[in-house]
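Here's the letter readout for the chains.
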Amino acid sequence: MSSDRLAAILAAAYECFTRHGVRRTTMDDIAATAGMSRPAVYQYVRNKDDAYRRLAERLFADSLAQARRAATAPDADLRQRLHDVLAAKLELTLRLHRESRHAAELLDTSTRLTGDLAEAYTRELTDVVAGALADAAGPRARAVADVLVALTRGLEADLTDPDLPRRRLREGVALLVAGLTHPGAPA
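Let me sum up the structure you'll find in this document. This structure is a prediction, so every number in the text was calculated from the model and none was measured. (Residues numbered from 1 in each chain as written. Predicted model: local features only at pLDDT ≥ 70, side-chain atom pairs only at ≥ 80, totals over all residues. Heavy atoms only, no water.)

## A short note on the overall build of the protein chain
Alright, step 1. The helix and strand tally for the protein chain stands at eight helices and zero strands.
Alright, step 2. In sequence order, the secondary structure elements of the protein chain are arranged as α-α-α-α-α-α-α-α.
Alright, step 3. The principal-axis extents of the C-alpha atoms in the protein chain amount to approximately 65 × 35 × 30 Å.
Alright, step 4. When burial is assessed residue by residue, the protein chain has 44% of its 187 residues classed as buried.
Alright, step 5. The long-range share in the protein chain, meaning contacts at least 24 apart out of those at least 6 apart in sequence, stands at 67%.
Alright, step 6. Counting only carbon and sulfur atoms, one obtains 52% of the accessible surface of the protein chain, whose full area is about 10,100 Å². (Helix = DSSP H or I, 4+ residues; strand = E, 2+ residues; numbered from the N terminus. Buried < 20%, exposed > 50% of the residue type's maximum accessible area, 1.4 Å probe, protein only. Contact = heavy atoms within 4.5 Å. Areas by Shrake-Rupley, 256 points an atom, 1.4 Å probe, with all protein chains shown as cover.)

## Things to note about the packing of helix α1 (residues 3-20) against helix α4 (residues 48-71)
Alright, step 1. Look at α1 against α4: their axes get within 9 Å of each other, and the N-to-C directions meet at 100°. When the axes of α1 and α4 are compared, the pair comes out roughly perpendicular. Between α1 and α4, the residues in contact are L6, A7, L10, A13, Y14 and F17 and K48, A51, Y52, R54, L55, R58 and L59, respectively.
Alright, step 2. Of the residues belonging to the contact of α1 with α4, the class tally is ten nonpolar, no polar and three charged. (Axes fitted to C-alpha atoms, helices over the stretch in contact; angles between N-to-C directions. Parallel < 35°, antiparallel > 145°, perpendicular 65-115°, else oblique. Nonpolar A, V, L, I, M, F, W, Y, C, P; charged D, E, K, R; others polar.)

## Overview of the packing of aromatic side chains
Alright, step 1. What the rule picks out here adds up to two aromatic pairs.
Alright, step 2. Here F60 and Y121 contribute two aromatic rings whose centre-to-centre distance is 4.7 Å and whose plane-to-plane angle is 20°, an arrangement assigned as stacked. Remark: Y121 occurs in helix α6 (residues 103-137) and F60 occurs in helix α4; sequence separation between them is 61 residues. Of the two residues, F60 and Y121, neither departs from the other in class, the shared state being buried.
Alright, step 3. Against the face of Y14 rests R95, its NZ or CZ located 4.6 Å from the ring centre. (Phe/Tyr/Trp six-rings, centres within 6.5 Å; stacked < 30°, edge-to-face > 60°. Lys NZ or Arg CZ within 6 Å of the ring centre and 35° of its normal.)

Rendered as structure tokens:
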């Protein structure tokens, strides 16, 4: 199977899902947008839900790759690396809200169709954050990472002003890093 054709199908699925929502999108829509016949699309995805799931896998994988690159950025300090790792997650949600008036449906659908993928993504992202914190937080790295990921998830609750969660993420990471590096920080 051609990975280029699958990529075209998933790009078409994203375009259709963001334009029409999941419920109103049909396999005919995806096939037409991909410039393929419906039978050709079925060679790559079983149905609309499978297309959605594969699309989510790809979006999560791209976000994690971006987070991993940020975590190991050689010229960035801890605050910048942590911010950029968490921004990879926040920007994924902001992108969906920016590109679709159906974002609420897409996120609700993702809970039903890709809840296990979202949980795995969150675990892996938390691992990346904990790894970035290992030197500064020591044995508390995982607990601090849990807090930072929870902060980021909380910031995704209100996206009416996309700059607000971005500012709050930057401020939250700066406060946490300052607490880690301050000699009187609680254990």
